[in-house]
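# Architecture and fold: a report
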Amino acid sequence: MARVVVDAPRTDPEMAAAFAALGVATTHEAQGRSGLLSPRLAARQTGASISGTALTCEVPPGDNWMIHVALEHARPGDILIVTPTSPCDDGYFGDLLATSAIARGIRGIVIDAGVRDIVVLRQLGFPVWSKTISAQGTVKETLADVQVPVVCGDRVIRPGDVVVADDDGVCVVPRAAAATVLAAARARAEDEEHKRGLYAAGQSSLDISPALRTGLERKGMSYERA
Ligand SMILES: O=C([O-])CC(=O)C(=O)O
Ligand SMILES: [Mg+2]
């Protein structure tokens with residue numbers, strides 16, 4: 001039996017939104033280099049940087065009915081996560097569904113399958129991370145689960161987890177870890193800001209981070225004159 005989990009708990013929307021300014025690389029590093037979705041889920045635009053709470057949706061191959069169901073349960077600040085129950089490249093999502101998603105406060109879509117109407121999606125400014133682009137249409141015949149834990153881009157995503165997406169890819173932060181990872185990501189961003197100033201002033205990264213130099217010696221790097 002397929003089911004929709006209604007009012008699933010989610011990360012505080014303001015906290016989830018704060019990750020966008022930090023970005024995917026920093027978030028991923030701040031949680032111990034984890035959470036990154038497969039790079040096959042590529043940005044279909046340039047310059048979009050979003051974060052929000054996961055609204056998850058399973059779809060049978062070639063059938064987008066459950067995306068319509070998921071949109072009905074959208075809350076402002078959600079990011080739609082769509083995963084087929086077995087691999088499929090069809091164009092599940094296009095400009096009509098995007099128009100509805102925007103109206104319902106959804107910030108973007110991450111889909112381990114295809115999207116279509118890509119020119120209009122870009123014109124709408126609705127950001128997409130997808131496995132592919134395909135005009136292949138889908139039917140509305142078979143049920144699947146909405147707002148349940150899914151595997152998307154080879155990572156488990158639970159309803160209400162934080163999803164961060166930009167030109168570097170997509171990263172998931174489990175709801176229970178969001179506050180800790182946000183604090184670690186902010187600290188990392190501050191540290192990088194400091195280093196950026198030193199790098200720009202011409203300082204060597206080996207001087208700024210002495211471990212990089214002592215590590216070379218410890219591992220036996222030798223220097224020879226040409
Ligand atoms: O309607 C569909 O099946 C997908 C689509 O093209 C749209 O959302 O515009
Ligand atoms: Mg269309």
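What counts as what
Residues numbered from 1 in each chain as written. Chains lettered and ligands numbered in written order. Predicted model: local features only at pLDDT ≥ 70, side-chain atom pairs only at ≥ 80, totals over all residues. Heavy atoms only, no water. Helix = DSSP H or I, 4+ residues; strand = E, 2+ residues; numbered from the N terminus. Expected span 1.5 Å × (residues − 1). Buried < 20%, exposed > 50% of the residue type's maximum accessible area, 1.4 Å probe, protein only. Contact = heavy atoms within 4.5 Å. UniProt positions renumbered as here; feature names shortened; annotations may be inferred. Near = heavy atom within 4 Å. Polar contact = N/O pair within 3.5 Å; in protein donor to acceptor, adjacent residues only side chain to side chain. Areas by Shrake-Rupley, 256 points an atom, 1.4 Å probe, with all protein chains shown as cover. Nonpolar A, V, L, I, M, F, W, Y, C, P; charged D, E, K, R; others polar. Patch = residues over 30% accessible without salt bridge, like charges linked within 9 Å, V, L, I, M, F, W, Y side chains within 5 Å. Salt bridge = Lys/Arg side-chain N within 4 Å of Asp/Glu carboxyl O. Core = buried A, V, L, I, M, F, W, Y, C linked by side-chain atoms within 4.5 Å.

### Considerations on helix 6 (residues 178–200)
Along its 23 residues, helix 6 runs 32 Å from first to last C-alpha, staying within 8% of the 33 Å computed at 1.5 Å per residue. Considered for burial, the residues of helix 6 that qualify are Ala178, Val181, Leu182 and Ala185. The secondary structure elements touched by the buried residues of helix 6 are helix 1 (13–18), helix 2 (23–30), strand 9 (162–166) and strand 10 (169–173).

### Some words on the UniProt feature "binding site: substrate" (unreviewed entry) in the protein
If you check UniProt for "binding site: substrate" (unreviewed entry), the listed places come out as Gly94, Asp95, Leu96, Leu97 and Arg116 in our numbering. Annotated residues spanning 23 residues; largest pairwise C-alpha distance 10.5 Å, indicating a single compact cluster. Assessed through its relative accessible area of 71%, Leu96 is described here as exposed. Take Leu97: it is sitting in helix 4 (residues 95–103).

### So, the site of ligand 1
The full set of residues close to ligand 1 is Asn64, Tyr92, Gly94, Asp95, Leu96, Leu97, Arg116, Asp117 and Lys140. Residue Asn64 places a side-chain N or O atom 3.0 Å away from an oxygen atom belonging to ligand 1. Burial of ligand 1 by the protein chains amounts to 87% of its free accessible area of 260 Å². Among the elements that take part in the shell around ligand 1, helix 4 stands out by supplying three residues, more than any other. In the shell around ligand 1, the residues fall into three nonpolar, two polar and four charged.

### Side note on a nonpolar patch on the surface
Together, Ile102, Val119, Val120 and Leu124 line one region of the surface with nonpolar side chains, adding up to about 290 Å² of accessible area. No other element matches the three residues that helix 5 (residues 118–124) contributes to the nonpolar patch. Checked against the element boundaries, Val120 lands in helix 5.

### Details of the nonpolar core
Judged by nonpolar contacts, the single largest core of 27 residues is most densely connected at Ile67, Leu80 and Phe93. When contributions to this core are tallied by element, the ones reaching two or more residues are strand 2 (50–59), helix 3 (65–72), strand 3 (78–84), strand 4 (91–93), helix 4, strand 5 (109–115) and helix 5. If we ignore the near neighbours within four places in the chain, the residues touching Leu80 are Leu55, Cys57, Ile67, Ala70, Leu71, Phe93, Ile106, Gly108, Ile109 and Val110. Listed in part, the 17 residues of the second largest apolar core include Ala54, Val148, Cys152 and Ile157.

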